[in-house]
Amino acid sequence: MTTAFTLERLRGVGGATRRGTLRLPPTVVLSFLVVLTVVLWSLLPGLFTSHSPVTGETATKLAAPSPGHWFGTDYLGRDLYARVVFGTASSVTSALVAVLIGLVAGSAIGLASGFRGGWVDATLGRLVDVLLAVPGFLLAVVIVSSLGFQTINAAIATGVSAVAVFARLMRAEVLRIRGAVYVEASYLEGGSRLHVLLRHILPNAYRSVLVLAVLQFGTSILVIASLAFLGYGDPPPASDWGLLVASGKTYVTAPWLVYAPALVIVITVLSVNRISRWLRKAK
Amino acid sequence: MKPAYQRYALTRTAQAAVVVLLAYVLTFLVTSVLPGDAVTNALRDPQNGLSEQEIQRIVAFYGLDKPVLVQLGLSLGRFLTGELGFSLQSDLPVSRLIGDALPSTLTLAGSALVIAVVFAVAIAYGAHHLPGKWSGAVRSIPSFFLSVPNFVIGLVLIELFAFRLHSFTTTDPNSPAATLFAAVTLAIPVSAPLAEVLIAGLDHESRQDYAQVARSRGITEAGLFVKHLVKPSALPSVAMVALIVGELLGGSVITETIFGRDGIGTVVQKAVTGEDQPVLQAVVSLSAVVFVAVNLIADLVSPLVDPRVKLRETVDA
Amino acid sequence: MSSALWPRRAFLATVSAATASVLLTACGGATATGPSGDGTPVDGGNLTFLIQGYDTGWVSSKTSISSYEGNLWGQITDKLVYVDEKGKLSPWIAESWEELNGAKEFVLHLKKGVTFSDGSPLDAAAVVANLNAWAKGDPSRGVSKVGLFPSTNFLKAEAKDAGTVRVTFSSPALGFIATLGYHGCILLSPKTLALPVEQQADLKQEIGSGPFVVKSWKQGDSYVLEKRKDYNWGPAALGHTGPARLDTITYKVIKDTSVRTSTVASGQAEVAFNVEPQEIDSLKAQGFTVGTPRYLGFTDGFQVNTGTFPTNELSVRQAIQHGIDREEILKTVYTGDWTAATTFLQGNVPEAGDYSGLFKFDPEAAKKLLEDDGWKTGADGYRVKDGKTLELTLSPNPYVPSTKAEDELISQQLKNIGIKVNLKVVDVAGYAAVQASHPPLYQTSRSFVDVGTVAGVLTSQNNGEDWFRLGTSDKKLNELSTAVATASDRDTRKKVAGEIQQHVLEQGYFIPLNQLVQRLYLISPKVQGVQYNGLAYANFYTAWIAK
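Now for a quick tour of the structure. The shown structure was predicted, so the numbers you read here are calculated from the model rather than taken from an experiment. (Residues numbered from 1 in each chain as written. Chains lettered and ligands numbered in written order. Predicted model: local features only at pLDDT ≥ 70, side-chain atom pairs only at ≥ 80, totals over all residues. Heavy atoms only, no water.)

### Digging into the overall build of chain A
Tallying secondary structure elements over chain A gives 10 helices and zero strands in all. Along its sequence from the N terminus, chain A presents helices and strands in the succession α-α-α-α-α-α-α-α-α-α. If you take every contact in chain A between residues at least 6 apart in sequence, the share linking residues at least 24 apart comes to 70%. Taken as a whole, chain A presents about 11,000 Å² of accessible surface, with 69% of it coming from carbon and sulfur. (Helix = DSSP H or I, 4+ residues; strand = E, 2+ residues; numbered from the N terminus. Contact = heavy atoms within 4.5 Å. Areas by Shrake-Rupley, 256 points an atom, 1.4 Å probe, with all protein chains shown as cover.)

Here it is, written out as structure tokens:
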């Protein structure tokens with residue numbers, strides 16, 4: 001109950017807190033299916049298409065979508081569906097990397113801040129303020145330009161720009177749970193800080209952090225796609241989703257080169273966001 | 001209350017100043033670890049057409065032959081006096097590059113902010129006053145808005161409104177019509193969180209007693225919406241304004257690229273490809289200044305507007 | 001509450017994309033009516049020309065002029081000689097000329113009454129100032145010479161009277177007259193030439209004598225030219241006298257290729273520079289004119305750096321030559337308007353021979369070359385020698401349309417013979433840095449008017465551009481280059497030019513791809529009378545917009 005309250009405060013939601021149930025609305029089931037597919041695309045792309053993502057039949061370039069080529073073919077006759085599927089690994093995995101960076105670094109900062117208080121909190125608090133003060137996308141652009149134009153660097157940049165949100169949430173969670181009666185009791189019973197951390201804080205905080213992580217996953221997919229769109233990711237023949245849209249838009253007479261990868265991005269992020277919303281409500 | 005508020009205001013202001021300085025140092029460190037001797041690369045790039053004297057002057061100006069910490073000191077000292085240095089690509093003062101680009105970006109971001117607020121209020125109103133089924137649909141709009149990449153929105157709008165419907169021309173990206181569509185592109189992702197907060201706020205407020213009382217007095221729903229709900233439920237969003245400013249600045253990179261506008265976003269893009277460190281440094285630190293300033297104002301004003309806001313945030317921040 | 005939402009949201013997503021794509025396939029043809037008017041030229045009208053960027057500045061004294069700036073220079077300046085699409089020379093500001101003393105001396109007779117746009121006369125003194133600037137530059141002021149000007153044997157230019165200029169060389173300079181029609185040899189007011197380089201960068205200071213003058217501009221955004229009402233000295237070959245027909249030309253920067261294309265396709269502008277070649281056929285079908293003029297010069301291809309890994313090995317250079325399938329490139333990336341290269345010179349250069357046998361597509365031969373040289377295939381399919389992978393990085397030429405797709409395809413083709421090609425995509429500003437870093441393969445696009453001038457770029461002799469990083473180490477190339485530059489008659493020169501082509505290609509110094517169409521013009525059906533010169537620049541002096 002209390003966790004739900006914090007989360008709603010975090011998201012500014014003041015609506016009725018409902019008792020969590022594990023009822024799965026059909027849209028959530030569908031969203032999970034989409035995410036599962038995307039995950040499988042990134043793990044085992046070869047299972048989903050027999051076409052090569054890097055070499056194509058040049059004679060059938062710029063062919064419209066058809067049963068043979070679901071998303072059509074691109075300017076070198078490559079199967080666009082295969083390019084999207086094989087591009088999933090870097091588009092989606094890098095978003096995961098970004099979330100992990102944000103999650104691990106942010107949680108560590110938040111935990112330290114909330115736990116130690118005092119000067120540690122003050123120092124880390126300023127660091128978080130600084131990260132929040134620079135617009136996330138601008139920060140990511142500057143970091144990736146400094147590290148070099150590669151998808152992995154785009155992921156790192158996106159991760160760093162997400163550290164602050166995680167740190168803020170974790171700190172708030174720690175403070176809230178620390179103040180809870182049962183934790184005070186635990187201290188009184190002589191529990192160590194580590195004990196309190198493992199026994200009370202992490203188990204109580206993980207759900208809200210998870211919800212944020214899922215939400216950030218969707219955001220990161222968008223940020224990384226945007227960086228790739230600007231050409232700050234891996235160069236061709238890589239097929240990051242954002243890069244596919246960018247190179248496809250040159251071909252005005254082949255609109256599928258833009259709309260197919262764009263739709264994949266939208267549907268994926270929509271599903272991830274739906275899951276995040278469900279997780280938030282389910283508690 | 002009064003001395004407490006003064007202490008609060010003072011602490012917040014000092015904190016804000018520290019954040020700005022740290023942001024400057026952080027960006028400096030990030031951009032200075034550029035692989036290779038990027039600064040000299042940019043200077044020596046024959047395309048930039050800088051003469052040897054100009055190069056020497058720039059090297060001396062930035063202390064490029066000295067250790068990084070010395071460079072940081074030099075640079076930070078200048079920043080504090082409002083001096084932003086010179087672009088490595090064009091040898092123009094950075095303040096001029098930014099000054100030239102700023103009006104266009106401010107127009108874009110300003111229009112986008114207005115549009116985002118209009119969208120958000122419209123969505124919140126719809127979510128509250130449409131019958132159940134429709135309300136549900138409207139409530140899902142923010143989530144959809146959050147799922148579409150900025151560049152896709154831009155491409156679709158240009159295709160539809162410039163090339164099909166001829167509502168604006170791409171050759172004149174600064175015309176009011178073109179600006180409007182660019183602003184919509186920028187506004188859509190920004191309006192989503194704003195709408196969510198408004199909806200949540202309205203949900204909460206409409207269950208409060210005074211709303212019930214007002215209803216019982218026979219005020220129309222729309223009147224109630226305006227008179228009693230918008231103001232209190234907009235309060236949490238004041239804090240969001242700061243966040244939104246950041247979103248607008250970041251989003252302008254993509255939007256300006258797509259619509260071919262010259263602005264801060266374009267300046268950033270050029271600086272990134274040209275490894276123009278002083279320009280990046282200036283844009284990032286200035287956006288931090290804007291963010292911190294807006295945030296500070298929000299923090300200083302909200303306790304005055306709404307006594308329910310506790311000054312406790314001094315310790316909390 | 002939320003269970004019913006998914007389908008609707010999905011629907012929204014699909015609808016917005018579908019509407020857009022339906023509209024898109026319904027395509028811009030609606031506004032493109034067929035050629036209107038009865039073909040009689042009309043005066044007046046304003047033309048908007050979309051171009052990807054003006055990033056390299058307006059300093060006129062440069063070794064080479066960018067394809068983008070070149071478009072604007074061509075409208076505001078004149079040249080001494082006009083070169084038509086086939087390379088034929090005809091009078092312009094030089095009304096006639098004499099070649100004397102075994103092509104070691106030239107006399108130019110100038111047209112009378114020509115003035116620069118500031119009113120000063122374009123007379124013999126002005127021409128001498130220009131010739132000196134082209135031949136020598138002014139190193140102390142940072143002004144460089146024109147890269148392809150025959151400056152090694154240039155002695156002096158002198159004004160014999162107000163309308164006659166005498167130019168002398170220390171050895172025969174057969175290419176001199178032709179070079180006067182090169183787009184680097186634009187006539188500027190002596191006042192402009194005397195300015196420090198920084199001030200030359202200011203477009204306002206660039207005073208020419210052309211049919212248009214700069215009216216106003218916003219750097220990096222748009223440039224408005226208006227016609228000079230007193231202009232009356234256009235090249236006779238264009239078949240038009242008096243001032244230009246158009247009132248104004250506006251060069252408008254639009255970076256994005258698709259936006260340039262769609263803007264013209266939807267009738268919002270008249271001309272777009274460098275559209276995507278693969279779109280040409282469908283645009284032509286909609287009634288648009290697409291100009292694909294081919295300039296005199298070098299073909300599309302790679303200058304090879306012989307001083308760096310891995311192209312310091314002859315076997316690797318030759319393997320790359322044989323590993324590239326030019327037919328596939330032409331069919332995939334380009335259209336019927338393109339043709340394969342037969343040497344590293346464009347087919348319309350009279351001295352270009354057919355040496356395609358030296359670099360014909362033969363993957364087996366390529367593999368054998370590498371195999372024999374000790375390059376063994378590694379686990380990932382790429383070849384390895386002494387622990388080093390056969391790998392190089394390539395940047396597509398941002399001045400030429402579609403090179404990104406072309407190089408992506410080349411990367412696939414070379415993968416088949418075990419060479420790993422990484423692509424690094426850069427813009428115009430970044431490409432200068434690429435050139436300065438001397439990569440193994442540098443994709444070149446360079447025009448010239450006369451084959452004699454190529455001697456100035458192949459080696460480092462006489463401050464040459466040293467394309468292959470050989471310095472002066474290849475004695476045979478040095479001798480052949482000098483022989484081409486100083487040949488006294490055209491037959492001898494043609495023979496030597498042939499030997500150079502043979503030698504450069506045998507040594508794998510240059511890897512030709514196809515005949516270059518660097519300047520592509522998408523033109524609205526309303527615009528008529530556009531003519532192209534031998535450097536593939538569109539000339540709008542004769543153009544008009546049909547009512």
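### A word on the overall build of chain C
Within chain C one finds 16 helices and 25 strands. Here the C-alpha radius of gyration of chain C, 25 Å, is about what a compact globule of 547 residues would show, namely 24 Å. Looking at the 547 residues of chain C, the share that counts as buried comes to 60%. Summarising the internal contacts of chain C: among those between residues at least 6 apart in sequence, 72% fall at separations of at least 24. By element, 52% of the accessible surface of chain C is carried by carbon and sulfur atoms, the whole surface being about 19,200 Å². Mean positive and mean negative side-chain charge positions of chain C (53 and 57 charges, respectively) differ by 2 Å. (Rg over C-alpha atoms; globule rule 2.2 N^0.38 Å. Buried < 20%, exposed > 50% of the residue type's maximum accessible area, 1.4 Å probe, protein only. Lys, Arg positive; Asp, Glu negative; His and termini not counted. Charge placed at Lys NZ, Arg CZ, Asp CG, Glu CD.)

### Concerning the sheet that holds strand β9 (residues 222–227) of chain C
Residues and elements named next belong to chain C. Taken together, seven strands build an open sheet; the order of strands is β8-β9-β10-β1-β11-β21-β12 and the sheet is mixed. Bordering the open sheet on either side are β8 (212–218) and β12 (289–291), each of which pairs with just one other strand. With direction set aside, neighbouring strand axes in the sheet form an average angle of 20 degrees. Sheet topology note: the β12/strand β21 (residues 521–523) ladder contains three bridges and is antiparallel. Bridge pairing in β21 links Thr-289 to Ile-523. (Pairing = 2+ DSSP bridges. Axes fitted to C-alpha atoms, helices over the stretch in contact; angles between N-to-C directions.)

### Quick notes on the pattern of salt bridges
Following the criterion strictly, the structure yields 28 salt bridges over all chains and no others. Close ionic contact of A:Arg78 with A:Asp74 constitutes a salt bridge, the shortest N to O distance being 2.9 Å. Relative accessible area serves as the criterion here: at 3%, A:Asp74 is assigned to the buried category. C:Glu313 is the partner of C:Lys385 in a salt bridge, and the nearest nitrogen-oxygen pair spans 3.1 Å. Taken together, the residues span a long stretch of sequence, with C:Lys385 in strand β15 (residues 383–385) and C:Glu313 in the loop between β13 (300–304) and α9 (314–323) at a distance of 72 residues. Through salt bridges that share partners, A:Asp74, A:Arg78, A:Arg83 and C:Glu408 make up one connected network. (Salt bridge = Lys/Arg side-chain N within 4 Å of Asp/Glu carboxyl O.)

### Regarding the interface of chain A and chain B
Contacts between chain A and chain B engage 42 residues on the former and 49 residues on the latter. Contact between chain A and chain B buries roughly 3,800 Å² in total, counting both sides, with carbon and sulfur atoms accounting for 72%. Per-residue buried area on chain A facing chain B is highest for A:Arg126, A:Leu138 and A:Ser146; these three make up 15% of the total on that side. Our count for the chain A to chain B interface comes out at zero salt bridges. (Buried area = accessible area lost by both parts, 1.4 Å probe.)

### Examining the nonpolar core
One finds A:Leu227, A:Phe229, A:Trp241, B:Phe151, C:Ile320 and C:Ile324 to be the most contacted residues of the largest nonpolar core, which totals 205 residues. The residues contacting A:Phe229, other than those within four sequence positions of it, are A:Gly242, A:Leu243, A:Val245, A:Ala246, A:Lys249, B:Phe151, B:Leu155, B:Ile254 and B:Ile258. (Core = buried A, V, L, I, M, F, W, Y, C linked by side-chain atoms within 4.5 Å.)

### Focus: the environment of C:Leu193
Residue and element names in this part refer to chain C. By the secondary structure assignment, Leu-193 is in helix α5 (residues 190–193). Here Leu-193 falls in the buried class, since its relative accessible area comes to 10%. Separated by 307 residues in sequence, Leu-193 and Ile-500 place their C-alpha atoms 35 Å apart.

### A closer look at the interface of chain C and chain A
Chain C puts 35 residues into the contact, and the matching count from chain A is 32 residues. Here chain C and chain A share an interface that buries about 3,000 Å² over both sides, 61% of which is from carbon and sulfur atoms. Joining chain C to chain A, the criterion identifies two salt bridges. A salt bridge links C:Asp256 to A:Lys249; the shortest N-O distance between them is 2.1 Å. At the surface where chain C touches chain A, the tally comes to 11 residue pairs in polar contact (both at pLDDT 80 or more). Elements with a minimum of two residues in the side of chain C that touches chain A: α1 (5–25), α7 (257–265), α10 (326–333) and α12 (403–416) of chain C. The leading source of residues in the side of chain C that touches chain A is α1(C), at 10 residues. Each residue belonging to the side of chain C that touches chain A can be placed in one class, and the counts come to 14 nonpolar, 12 polar and nine charged. (Polar contact = N/O pair within 3.5 Å; in protein donor to acceptor, adjacent residues only side chain to side chain. Nonpolar A, V, L, I, M, F, W, Y, C, P; charged D, E, K, R; others polar.)

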